Amino acid sequence: MSRKMYSTLKRWIEELETDVEIVSSHEINEEAGSNLFSFGFNQYLLSEWGRDSVQDFLASCADIYKRKCSGSAMVFYSWLDNQAGQIRISAVSESHNKLPFGCKINMTSLEQVVDDIFSNDSGLYTKGALDVWCKNI
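Numbering of residues starts from 1 in each chain and follows the order in which that chain's sequence is written. Whole-chain, interface and lining totals are the exception, using all residues; otherwise, since this is a predicted model, local features are given only for residues with pLDDT of at least 70 and side-chain atom pairs are given and counted only at 80 or more. To get the side-chain values, take all heavy atoms of the structure and skip hydrogens and water.

### Considerations on the overall build of the protein
Here comes step 1: Here a helix means four or more residues in a row that DSSP labels H or I, a strand means two or more in a row labelled E, and each is numbered from the N terminus. Helix and strand content of the protein: five helices and five strands.
Here comes step 2: Ordered by position from N to C terminus, the α and β elements of the protein give α-α-β-α-α-β-β-β-α-β.
Here comes step 3: Counting only C-alpha atoms and orienting by the principal axes, one finds that the protein spans roughly 40 × 35 × 20 Å.
Here comes step 4: Buried positions account for 45% of the 137 residues belonging to the protein.
Here comes step 5: Residues count as neighbours in contact if any of their non-hydrogen atoms are within 4.5 Å of one another. Across the protein, contacts joining residues at least 24 apart in sequence account for 72% of those joining residues at least 6 apart.
Here comes step 6: Only four residue types enter the tally: Lys and Arg on the positive side, Asp and Glu on the negative side; His and the chain ends are excluded. Here the site of a charge means atom NZ of a Lys, CZ of an Arg, CG of an Asp or CD of a Glu. Looking at the protein, you have 13 positive and 19 negative side-chain charges, and the mean spots of the two groups are 3 Å apart. The classification of residues rests on relative accessible area computed with a 1.4 Å probe and restricted to protein chains. Under 20% of the type maximum is buried, over 50% is exposed, and intermediate values are partly exposed.

### Digging into helix α5 (residues 110-119)
Here comes step 1: The complete set of buried residues in α5 reads L110, V113, V114, D116, I117 and F118.
Here comes step 2: Of the surrounding elements, those touching the buried residues of α5 are α3 (43-49), α4 (51-68), β2 (74-81), β3 (86-93), β4 (105-108) and β5 (130-136).
Here comes step 3: Downstream of α5 by one or two residues, N120 has phi in the positive range, about 55°.

### Focus: the nonpolar core
Here comes step 1: Within this scheme, the nonpolar core is defined by two criteria: the residues are buried Ala, Val, Leu, Ile, Met, Phe, Trp, Tyr or Cys, and they are joined through side-chain atoms within 4.5 Å. In terms of nonpolar packing, the biggest core is built from 32 residues, with V54, F57, L58, Y65, F76, I89 and I117 touching the most fellow members.
Here comes step 2: Secondary structure elements with two or more residues in this core: α1 (7-19), α3, α4, β2, β3 and α5.
Here comes step 3: Top contributing element to this core by residue count: α4, with seven residues.
Here comes step 4: Contact partners of I117, with chain neighbours within four places excluded, come to F41, Q43, L46, V54, L58, L80 and I87.
Here comes step 5: Listed in part, the nine residues of the second largest apolar core include I28, A32, V75 and L130.

### Considering α1
Here comes step 1: Between its first and last C-alpha, α1 extends 18 Å over 13 residues, near the 18 Å set by a 1.5 Å rise per residue.
Here comes step 2: Where α1 is buried, its residues contact β1 (37-40), α3, α4 and β3. One fewer than the residue count of a helix, multiplied by 1.5 Å, yields its expected span.

### Here we look at the packing of aromatic side chains
Here comes step 1: Two rings belonging to Phe, Tyr or Trp (six-membered ring only in the last case) form a pair when the distance between their centres is within 6.5 Å. Interplanar angles under 30 degrees mark stacking, angles over 60 mark edge-to-face geometry, and anything in between is tilted. For the structure on display, the rule yields nine aromatic pairs.
Here comes step 2: Measuring from centroid to centroid gives 5.1 Å for Y65 and F76, while their planes differ by 70°, and the two rings are edge-to-face. Taken as a pair, Y65 in helix α4 and F76 in strand β2 lie far apart in primary sequence, 11 residues in all. For the pair Y65 and F76, one class covers both residues: buried.
Here comes step 3: A connected cluster of aromatic rings, assembled from ring pairs, spans W12, F39, W49 and F57.

This is the structure we're talking about:
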């Protein structure tokens, strides 16, 4: 967290550090669901936080998952669920060689997912593919 992170995001990082226990499974949907965390937001909060703070938040989430995965080769991923108004994160084992989405996905940058969050556009309905940021951990 190189820049100022707002108190709500800091609290979420602290809670994630305490609460996350990475599950590894041969069943990708079980693994993805067990490792899923969602964070609700609104446009007012976004304007208070700013893009840099949200980007730092998601990068910090990936770092926590990396520390918690006990050396297992996993993929951390994040996306906007704009219907639910949530930022979502999870992780699955690299051995699955895919992510557990039933729709077309667009592997993209962290910056693009943050742009999606601020525009409330995950890409799924406007571009036909869900923007997802992934990081090997």
